[in-house]
Amino acid sequence: MSNNTCDISNDNYAVTVRNVYKSYGDVKALKDLSLDFPRGQLTSLLGPSGCGKTTLLKIIAGLLPADSGEITVNGHPVTGPGPDRAFVFQDFALLPWATVLRNVAFGLELRGVSKSEREAIAEKYIADVGLCGFENSHPHELSGGMRQRVGLARALSVDAQVMLLDEPFAAVDEQTRRKFQEDLLNLVKHENKTFIFVTHSIEEAVYVSDQVAILLPRPSRVSEIIKPEGFRHKDADSIRRDPEYLDIVDRIWSSLRTYVE
Amino acid sequence: MNIFGIKLPSMSSLILWGILWEIVGRLKLTFFLPPLSEVFSTLMQIGTTKVFLKALTETGYAFFAGTFIAIAVGIPVGILMGKSRLIDELLLPWVNMFLSAPLTALVPVMMVLFGFGMKAIVLTTTLFAIWIIVLNSRAGVMHINRSLVEMAHSFGASPMDAFSKVYFWAALPEILSGVRIGFIRAVKGVIIGQLLISIVGFGALFELYSGQFLMKHFWAVLLVLFGISFTIAEFLAHLQRKVAYYATQR
Ligand SMILES: Nc1ncnc2c1ncn2[C@@H]1O[C@H](COP(=O)(O)OP(=O)(O)OP(=O)(O)O)[C@@H](O)[C@H]1O
Ligand SMILES: [Mg+2]
């Protein structure tokens, strides 16, 4: 299995997905799907609703078994969840009875980190996501955007190399969403982690991604991989006016529009 | 309740009923209902007697032992049923059957199985209380947001951690309401047990007083019983309100 070529590719790719099949009963969700995720970059999974984006993400997370095929994270085959991956949930998945501090520290708590140590780490990430002063609030006292920051801080605090984000910004308003997208770009730049990001917004995918994988509707496989490179170095505002950015958005839309309706 | 813009404390309607009781009692319509004030003064008299205190301890012991077993067994069983399809399919028919069965009819069976002593009374109390606790804990777990479970799993929670840090807390609002109803049923169970199995505790006092038509005494014991179960139910309702803030959004 691990010949030379494989080892080289494992250095470049944090996550590899090879010939993965997944069915729910009669529903074929994924069919022979292969995709590589370059280390330290953000790859988004873009596709129409129900095409299997969440399914793929959960298979990579080890939350769902694939019917067949091989998934590796840092060269190791995935058999279940592991400390090398952290998941950010679309509906936040916060403990409603726990404070922000405990929620952010919960991943570390489950990994057996001592209370004082995990709270110190959590404090740092709470500050990083801009929630200073809310440590002792409960989730029901926070807005949707703030709750997702808690979910993000929790995933960051376990310091996994691979971050899996399932439509994390779907439940927040447009302004917050734009702010989050900019924050995400900063995170990718500074955290040196690999991000896998599910979205169904074309603009969002092109704006934040180093690589956009377009999935076809069920049974799903990768139809196209687009690497927006020309405008990565530009600042946040000018990206949205960049001709290449607009071009790519148009191109993706025209290849996806056939599947809508 | 608001009357003339004044907010009355909860349960203040009891005062009204108390006054009505006193009036009806004084009219001497029936020997069955002596005035409330006389019931209270009787309570003061017998409240410190050895017989009464012994009955109180016997009843209290059976009650708390019985509900303790019901809680200690009922909550984990209910949570397991909520988590596992297999266990649920196996146990649910039984739980539903016992929940609606006329449990009093089973008390003779308890006597055959566990004898005529305290053990049978304690287990009769458990028998009355446990089913609603199981069913509510199960319902609580089934309400849990799937992604909370996946979240715990994705961060590597052990089954024990998932149980004690996620499932239990997520199901707590339903569990508490199950326990509250369970306690109320346990009051019934302990008295029925004491009347049918062996004549001890409050059951014995009821038997004695009603047999000799000592209505003031009878009502006095009933009031004590009511007071105790009311206090417990209110206490649990208070706990329930404490977790209510997250009951609506899990
Ligand atoms: N637990 C399940 N049981 C049966 N079918 C399922 C299950 N989960 C997903 N599916 C089906 O598999 C397909 C892919 O689902 P998935 O949730 O991965 O899609 P998605 O791309 O994330 O969609 P969306 O953008 O709406 O979130 C859908 O057609 C869905 O109906
Ligand atoms: Mg999805």
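Starting from 1, residues in each chain are numbered consecutively following that chain's sequence as written. Chains carry letters and ligands carry numbers; both start at the beginning, A for chains and 1 for ligands, and go up in the order they are written. Since the coordinates come from a predicted model, pLDDT governs what is reported: local features require at least 70, and pairs of side-chain atoms require 80 or more to be given and counted, while whole-chain, interface and lining totals use all residues. Calculation of side-chain values draws on the structure's entire complement of heavy atoms; hydrogens and water are dropped beforehand.

A.B. asks: Looking at this structure, how should I read the sheet that holds strand 10 (residues 222–226) of chain A?
C.D. replies: Residues and elements named next belong to chain A. By this definition, two strands are paired if DSSP reports at least two bridges between them. Secondary structure elements follow DSSP: runs of H or I of four or more residues count as helices, runs of E of two or more count as strands, with numbering from the N terminus. If you walk across this open sheet you meet the six strands as 6-7-8-3-9-10, and the pairing is mixed. Two strands lie at the open edges of the sheet, namely strand 6 (85–88) and strand 10, each paired on one side alone. Each adjacent strand pair in this sheet contributes to an overall mean axis angle of 15°, direction not counted. As defined by bridge partners, strand 6 adjoins strand 7 (residues 162–166) across four bridges and the pair is classed as parallel. Bridge pairing links Val88 to Leu165 in strand 7. Of the strands in this sheet, strand 3 (42–46), strand 6, strand 7, strand 8 (194–199) and strand 9 (211–215) touch helix 2 (residues 53–61), which is tilted by about 150° from strand 7. Only C-alpha atoms enter the line fits that serve as axes; for helices the fit covers just the stretch in contact. Angles between N-to-C directions range over 0 to 180 degrees. Any two residues whose heavy atoms approach within 4.5 Å are treated as being in contact.

A.B. asks: Which parts of the structure should I look at to understand the sheet that holds strand 4 (residues 68–73) of chain A?
C.D. replies: Within a sheet, adjacent strands bond to each other through the backbone by hydrogen bonds, running parallel or antiparallel. All names here are of chain A. As summarised here, the arrangement of the four strands in space is 2-1-4-5, forming an open sheet in which the pairing is antiparallel. At either end of the open sheet lies a strand with only one pairing partner, and these are strand 2 (27–38) and strand 5 (76–77). Bridge count for strand 1 (residues 13–24) against strand 4 is five bridges, and the pairing is antiparallel. Note on strand 4: the bridge partner recorded for Val17 is Ile71. Where helix 2 meets the sheet, its contacts fall on strand 1, strand 2 and strand 4, and the angle it forms with strand 1 comes to roughly 120°.

A.B. asks: Help me understand the packing of aromatic side chains, please; the structure alone is not making it clear to me.
C.D. replies: For any pair of aromatic rings, the description rests on two quantities: the centre-to-centre distance and the angle between the ring planes. Residue and element names in this part refer to chain B. Pairing of aromatic rings covers Phe, Tyr and Trp, the last counted by its six-membered ring, and requires centre-to-centre distances within 6.5 Å; plane angles under 30 degrees mean stacked, over 60 mean edge-to-face, and any other angle means tilted. Counted according to the given criterion, the structure contains 16 aromatic pairs over all chains. Measuring from ring centre to ring centre gives 5.6 Å for Phe63 and Phe183, while their planes differ by 45°; the resulting arrangement is tilted. Placement of the pair is Phe63 in helix 3 (residues 50–83) and Phe183 in helix 8 (residues 159–196), with a sequence separation of 120 residues. Taken individually, Phe63 and Phe183 each receive the classification buried, so the pair is uniform in this respect. Centroid distance Phe98 to Trp131: 4.6 Å. Interplanar angle 10°. Geometry classified as stacked. Of this pair, Phe98 sits in helix 4 (residues 85–100) while Trp131 is found in helix 6 (residues 118–142), placing the two residues 33 residues apart along the sequence. Under the scheme applied here, a residue whose accessible area is under 20% of the maximum for its type counts as buried, over 50% as exposed, and between as partly exposed, the area being computed with a 1.4 Å probe on protein chains only.

A.B. asks: Looking at this structure, how should I read helix 10 (residues 215–247) of chain B?
C.D. replies: Multiply 1.5 Å by the residue count of a helix minus one, and that product is the helix's expected span. Its 33 residues give helix 10 of chain B an end-to-end C-alpha distance of 45 Å, which sits within 8% of 48 Å, the value for a rise of 1.5 Å per residue. To get the bend at any residue, fit one axis to the seven residues that end at it and another to the seven that begin at it, then take the angle between the two axes. The sharpest bend along helix 10 of chain B comes to roughly 35°, located at Arg241(B).

A.B. asks: What am I meant to see in a negative patch on the surface here?
C.D. replies: Residues and elements named next belong to chain A. A contiguous patch of negative charge, built from Glu229, Glu244, Asp247 and Asp250, is present on the exposed surface. Along the chain, Asp247 turns up in helix 9 (residues 243–256). Owing to a relative accessible area of 54%, Asp247 belongs among the exposed residues under this scheme. Without a salt bridge and with relative accessible area above 30%, a residue can belong to a patch; like charges are then joined within 9 Å and nonpolar side chains (Val, Leu, Ile, Met, Phe, Trp, Tyr) within 5 Å. The Shrake-Rupley method, run with a 1.4 Å probe sphere, supplies the accessible areas, and residue values consider only the shown protein chains as cover. Salt bridge, as used here, is a side-chain nitrogen of Lys or Arg placed within 4 Å of a carboxyl oxygen of Asp or Glu. In this charge count, Lys and Arg are treated as positive and Asp and Glu as negative; neither His nor the chain ends contribute. By convention, the charge on Lys lies at NZ, on Arg at CZ, on Asp at CG and on Glu at CD.

A.B. asks: Would you mind going over helix 6 (residues 174–191) of chain A with me for this structure?
C.D. replies: All names here are of chain A. Look at helix 6: 25 Å from first C-alpha to last across 18 residues, which is about the 26 Å you get at 1.5 Å a residue. Those residues of helix 6 not exposed but buried are Thr176, Arg177, Phe180, Gln181, Leu184, Leu185, Leu187 and Val188. Polar contact is the term for a pair of N or O atoms within 3.5 Å; when the atoms are in protein, one must be able to donate a hydrogen and the other to accept it, and sequence-neighboring residues count only if both atoms are side-chain atoms. Looking at where helix 6 begins, the residue whose side-chain oxygen comes 3.2 Å from the main-chain nitrogen of Gln175 is Asp173. Looking one or two residues beyond helix 6, the residue adopting positive phi is Asn192, at roughly 55°.

A.B. asks: Explanation requested: the packing of helix 4 of chain B against helix 6 of chain B in the structure shown.
C.D. replies: Two quantities define a packed helix pair, namely the angle between the axes and the distance from one axis to the other. All names here are of chain B. Remark: helix 4 packs on helix 6, axes separated minimally by 9 Å, with the N-to-C direction vectors making an angle of 135°. In terms of axis orientation, helix 4 runs oblique to helix 6. Considering the relative orientation of helix 4 and helix 6, their crossing is left-handed. Across the interface between the two elements, Asp88, Leu92, Val95, Asn96, Phe98 and Leu99 of helix 4 pack against Trp131, Ile132, Val134, Leu135, Arg138 and Met142 of helix 6. When residues are grouped by polarity, Ala, Val, Leu, Ile, Met, Phe, Trp, Tyr, Cys and Pro land in nonpolar, Asp, Glu, Lys and Arg in charged, and all others, Gly among them, in polar. For the contact of helix 4 with helix 6, the residue count by class is nine nonpolar, one polar and two charged. Here the angle decides the label: under 35 degrees means roughly parallel, over 145 means roughly antiparallel, 65 to 115 means roughly perpendicular, and every other value means oblique. Left-handed is the label given to a crossing in which the near helix is rotated counterclockwise from the far helix by less than a right angle, and right-handed is the label when the rotation is clockwise.

A.B. asks: What am I meant to see in the site of ligand 1 here?
C.D. replies: All names here are of chain A. Any residue with a heavy atom lying within 4 Å of a molecule or strand is counted as near it. Around ligand 1, 11 residues are found, and the nearest of them are Ser49, Gly50, Lys53, Thr54 and Thr55. The contact in question runs from an oxygen atom of ligand 1 to an N or O atom on the side chain of Lys53, over 2.7 Å. Burial of ligand 1 by the protein amounts to 62% of the accessible area it has alone, namely 630 Å². Looking at the shell around ligand 1, the element that brings in the most residues is helix 2, giving three residues. Looking at the shell around ligand 1 residue by residue, the class counts come to three nonpolar, five polar and three charged.

A.B. asks: Help me understand the nonpolar core, please; the structure alone is not making it clear to me.
C.D. replies: Looking at soluble globular proteins, one finds that nonpolar side chains tend to be buried together. Residues grouped as a nonpolar core are buried Ala, Val, Leu, Ile, Met, Phe, Trp, Tyr and Cys residues, joined through side-chain atoms within 4.5 Å. With 157 residues, the main nonpolar core has Ile252(A) and Phe202(B) as its most contacted residues. With 15 residues, helix 8 of chain B is the single largest residue contributor to this core. Aside from chain neighbours lying at most four places away, what touches Ile252(A) is Leu46(A), Ile202(A), Val206(A), Val212(A), Ile214(A) and Ile226(A).

A.B. asks: Please explain the pairing of strand 3 of chain A as it appears in this structure.
C.D. replies: Residues and elements named next belong to chain A. A large share of strand 3 lies buried, amounting to five of its five residues. Because side chains alternate across strand 3, one face comprises the buried residues Leu42, Ser44 and Leu46, and the other comprises Thr43 and Leu45, equally buried. The pairing of strand 3 with strand 8 spans five bridges and is classified as parallel. Across the sheet, the residue bridging to Ser44 is Phe197, located in strand 8. The pairing of strand 3 with strand 9 spans four bridges and is parallel. By the bridge assignment for strand 9, Thr43 is matched with Gln211.

A.B. asks: I tried to follow the interface of chain B and chain A on my own but got confused; where do I start?
C.D. replies: Note: interface size is frequently given as the accessible area lost on complex formation between the parts. Each partner contributes to the interface: chain B provides 20 residues, whereas chain A provides 25 residues. Accessible surface is computed with a 1.4 Å probe, and the buried area is the amount of it that two parts give up when combined, taken over both parts together. Between chain B and chain A, a total of about 2,000 Å² is buried, with carbon and sulfur atoms accounting for 67% of that surface. Taken together, chain B and chain A are joined by two salt bridges. Note that Glu109(A) and Lys165(B) form a salt bridge whose closest N and O atoms lie 3.2 Å from each other. Where chain B packs against chain A, one counts three residue pairs in polar contact (both at pLDDT 80 or more).

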